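Observations on the model geometry
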Amino acid sequence: LDVAVFGDEIKRDEATGTIGDVASTSVGNSLAWDFFRTNFNLIVTEFGQSASRNKYMVNAIVSKHTNQFFYDELKDFMREQRDLSLVEQAMKQGVETVQFNIKWFTNSYPQIVA
C-alpha cells in the first residue's frame with residue numbers, strides 16, 4: 001500500500017484501485033482500512049479526484065463487514081474528518097451497506113449454521 005501511494009512503481013491514477021484491490025481480499029481488508037484511515041487526507045486529495053475510483057476503493061474496504069464494531073468505527077471516522085467531500089457519497093453508501101450486512105448477518109447466520 002505504501003508503494004501505491006508513496007512510491008513510483010504504480011501509476012498515480014491507479015493508487016485508489018490498488019488500495020481497493022488489496023481491500024477486497026480477506027487478509028488485506030483490515031490492512032487497507034487502517035492504511036486508508038491513517039493516510040485519508042493524502043489519498044483523497046492526491047489520488048481521489050475520481051468519484052468512480054473513490055466508490056470502488058471505499059466499497060472494497062467496507063462492503064464485507066458484518067459487525068457493529070466496524071460500523072461504529074466507520075461512523076466515528078466519518079465524524080472525525082473535516083472534509084469528506086471527495087468521498088462523502090461513497091462513505092454514506094458504505095455505511096448503508098454495513099448496516100444492511102449487520103441486519104442480514106443477524107437474521108440469517110443462525111439459520112445458515114443450523
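Look up: the structure comes first, before these words.
Described in the following lines is the structure provided in the data block. What you see is a predicted model, and the numbers here were worked out from it, not measured in a lab. (Residues numbered from 1 in each chain as written. Predicted model: local features only at pLDDT ≥ 70, side-chain atom pairs only at ≥ 80, totals over all residues. Heavy atoms only, no water.)

**Focus: the environment of Tyr 109**
With respect to the element layout, Tyr 109 can be found in helix 7 (residues 88-113). The class of Tyr 109 is partly exposed, set by a relative accessible area of 39%. Spatially, the C-alpha atom of Tyr 109 lies 23 Å from that of Leu 74, the residues being 35 residues apart in sequence. (Helix = DSSP H or I, 4+ residues; strand = E, 2+ residues; numbered from the N terminus. Buried < 20%, exposed > 50% of the residue type's maximum accessible area, 1.4 Å probe, protein only.)

**Things to note about the packing of helix 2 (residues 15-23) against helix 3 (residues 28-38)**
How two helices sit against one another is set out by the angle between their axes and by the gap between those axes. With their axes 7 Å apart at the nearest point, helix 2 and helix 3 run at an angle of 140 degrees to one another. The orientation of helix 2 with respect to helix 3, classified from their angle, is oblique. On the side of helix 2, the interface is formed by Ile 19, Val 22 and Ala 23, while helix 3 contributes Gly 28, Asn 29, Ala 32 and Phe 35. Looking at the contact of helix 2 with helix 3, its residues break down into five nonpolar, two polar and no charged. (Axes fitted to C-alpha atoms, helices over the stretch in contact; angles between N-to-C directions. Parallel < 35°, antiparallel > 145°, perpendicular 65-115°, else oblique. Contact = heavy atoms within 4.5 Å. Nonpolar A, V, L, I, M, F, W, Y, C, P; charged D, E, K, R; others polar.)

**Let's talk about the pattern of salt bridges**
For the structure shown, the criterion picks out four salt bridges. One salt bridge in this structure joins Arg 79 and Asp 76, with 2.4 Å as the shortest N-O distance. Residue Arg 79 and its partner Asp 76 are located together in helix 6 (residues 68-80), separated by three residues, close to a single helical turn. Note on Arg 79: relative accessible area 59%, which makes it exposed. (Salt bridge = Lys/Arg side-chain N within 4 Å of Asp/Glu carboxyl O.)

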